Amino acid sequence: MIVVTGATGNVGRPLVQALAAAGEPVTAVSRQVTAADLPAGVRAVPADLATPADLKPALHGAEALFLLLTGELLAADPSEILAAARDAGARRVVLLSSQGVGSHRYPPQIEEAVTASGLEWTVLRPSGYHTNAFAWAETVRGTRAVTAPFGDVGLPFVDPADVAEVAAVTLRHDGHGGATYELTGPELVTPRRQAAAIGDALGEPVRFAELSPAQARAQMLQFMPEPAVTATLGILGAPTPAEQRVSPDVERLLGRAPRTFADWAARHVAAFR
């Protein structure tokens, strides 16, 4: 049985669907998950990872754990969660981390806890997600405009559906223990090009307006802690060569090229109409 935390998110939801479609027994965990959120046959266990004891019923019979920590948990120690998984008999953990850990923008303590857990571990380090563009949906719907900083700086953002497929491979198959995979899209894409791709999907132009770094910081501080804002703006505005590198890992693991942002925009165009 495979336990998926963050099961209703941008990666967790398609991961649960992929595992269920492959015939794997799955337990889906998030704070408010219900059976209505899930494919038939998937067990729903509402739990808050901030209280590891809540996770114990979900881990009964687990062989593998997909671990996704967000928000305030990114500064927490996941050792209790990992110990609970180990005590329940799990032998494998796949951590959804971030490219920013490898480039030293974000702290490494969660990865370090996973690699020291005594479980067979795999670390996934995705770049930024195509789904970050959902933040523009309201202004695209209202005024056919996208506002963002660093309009001509390209990054190899990745489709969360590709990350989910990679996670399914590493959870289901041997040979990935001790591996760290960098997950990117197939090309560098700038905010200006993203706006154009959304316009192409809509069939009408979407205007791009560039924010200053100060304007972007003020907006981001409304929903992100200051260290995360500083790190994120650093990646967006002055990425390192490693952060702009297109990784071969998605294609190597899935046997196909990763999906483009234009493909993602076409599949999610309803959000921008």
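See the structure above.
Residues numbered from 1 in each chain as written. Predicted model: local features only at pLDDT ≥ 70, side-chain atom pairs only at ≥ 80, totals over all residues. Heavy atoms only, no water.

S.K.: What is the right way to look at the sheet that holds strand β2 (residues 26-30) in this model?
M.R.: Adjacent strands of a sheet pair through backbone hydrogen bonds, lying either parallel or antiparallel. Spatially, 7 strands are ordered β3-β2-β1-β4-β5-β6-β8 in an open sheet, and the strand pairing comes out parallel. Sheet topology places β3 (43-46) and β8 (179-183) at the edges, where each strand pairs with a single neighbour. Direction aside, neighbouring strands of the sheet carry axes that sit 15° apart on average. In this structure, strand β6 (residues 120-126) lies alongside β8, joined through 5 bridges in parallel fashion. Across the sheet, residue Leu124 finds its bridge partner in β8, namely Tyr181. Contacting β1 (2-5), β4 (64-67), β5 (92-96), β6 and β8, helix α7 (residues 160-172) runs over the sheet at an angle of about 165° to β5. (Pairing = 2+ DSSP bridges. Helix = DSSP H or I, 4+ residues; strand = E, 2+ residues; numbered from the N terminus. Axes fitted to C-alpha atoms, helices over the stretch in contact; angles between N-to-C directions. Contact = heavy atoms within 4.5 Å.)

S.K.: Where do I start with unusual backbone geometry in this structure?
M.R.: With the exception of glycine, most residues fall at negative phi, and the peptide bonds are largely trans. Positive phi values are uncommon outside glycine, yet His104 reaches one of about 65°. Within the element layout of this structure, His104 appears in the loop between α4 (99-102) and α5 (109-115). Look at His104 and you get exposed, because its relative accessible area is 73%. Backbone geometry places Phe150, a non-glycine residue, at a positive phi of 55°. If you trace the backbone, Phe150 turns up in the loop between β7 (145-149) and α7. (Buried < 20%, exposed > 50% of the residue type's maximum accessible area, 1.4 Å probe, protein only.)

S.K.: Quick question: what am I supposed to make of the packing of aromatic side chains here?
M.R.: One pair of aromatic rings is described through two measures. These are the centre distance and the angle between the planes. In the structure shown here, the tally under the stated rule is 4 aromatic pairs. Aromatic side chains Phe134 and Phe272 sit 6.2 Å apart centroid to centroid with 20° between the ring planes, which places their arrangement in the stacked category. Note that Phe134 is positioned in the loop between β6 and α6 (137-143) and Phe272 in the segment after α13 (261-267), a separation of 138 residues in sequence. A relative accessible area of 32% means that Phe134 is categorised as partly exposed. One aromatic cluster in this structure is built from Phe134, Phe261, Trp264 and Phe272. (Phe/Tyr/Trp six-rings, centres within 6.5 Å; stacked < 30°, edge-to-face > 60°.)

S.K.: I would appreciate a short explanation of empty space enclosed by the protein in the present structure.
M.R.: Think of a ball as big as a water molecule: rolled over the atoms, this probe shows where empty space is left. In the structure shown here, the tally under the stated rule is 1 cavity of 30 Å³ or more. In terms of lining residues, the largest cavity is bounded by His130, Phe157, Gly185, Pro186, Glu187, Val189, Arg259, Thr260 and Phe261. Grouping the amino acids of the lining of the largest cavity by side-chain chemistry returns 4 nonpolar, 3 polar and 2 charged. (1 Å grid on protein atoms, 1.4 Å probe; cavity = no way out; pocket = protein on both sides within 12 Å on 5 of 7 lines; lining within 4 Å. Points joined across faces, edges and corners; volume = space filled by probe spheres on them. Nonpolar A, V, L, I, M, F, W, Y, C, P; charged D, E, K, R; others polar.)

S.K.: Explain the layout of surface pockets here, please?
M.R.: The space that makes up the second largest pocket amounts to roughly 180 Å³. Along the walls of the second largest pocket sit 14 residues, with Asn10, Pro14, Thr131, Pro160 and His268 positioned nearest its centre. Secondary-structure elements contributing two or more residues to the lining of the second largest pocket are α1 (12-21), α7 and α13. Ranked by the residues each element gives to the lining of the second largest pocket, the list is headed by α1, at 3 residues.

S.K.: What should I look at first to understand the side chain of Asp159 in this one?
M.R.: Topologically, Asp159 is positioned in the loop between β7 and α7. You can call Asp159 buried: its relative accessible area is 1%. Only 2.9 Å separates the side chain of Asp159 from the backbone nitrogen of Ala161, close enough to count as a polar contact. Within polar-contact distance, the side chain of Asp159 engages the side chain of Arg267 at 2.9 Å. Residues in contact with Asp159, not counting those within four places in the same chain, are His130, Arg259, Trp264 and Arg267. (Polar contact = N/O pair within 3.5 Å; in protein donor to acceptor, adjacent residues only side chain to side chain.)

S.K.: What exactly am I supposed to notice about the environment of Arg252 here?
M.R.: By secondary structure assignment, the location of Arg252 is in helix α12 (residues 249-254). Sequence separation between Arg252 and Val166 is 86 residues; the distance between their C-alpha atoms is 9.8 Å. A distance of 2.9 Å separates the side chain of Arg252 from the side chain of Asp249, its partner in a polar contact.

S.K.: Any chance you could explain α7 here in plain terms?
M.R.: The periodicity of an α-helix, 3.6 residues per turn, causes residues three or four places apart in sequence to face the same way. Over its 13 residues, α7 extends 18 Å from the first C-alpha to the last, a length consistent with the 18 Å expected when each residue adds 1.5 Å. Of all 13 residues in α7, 10 are buried, a share of seventy percent or more. Within the span of α7, buried status applies to Pro160, Ala161, Asp162, Val163, Ala164, Val166, Ala167, Ala168, Thr170 and Leu171. With a side-chain oxygen positioned 2.9 Å from the backbone nitrogen of Ala161, the residue opening α7 is Asp159. (Expected span 1.5 Å × (residues − 1).)

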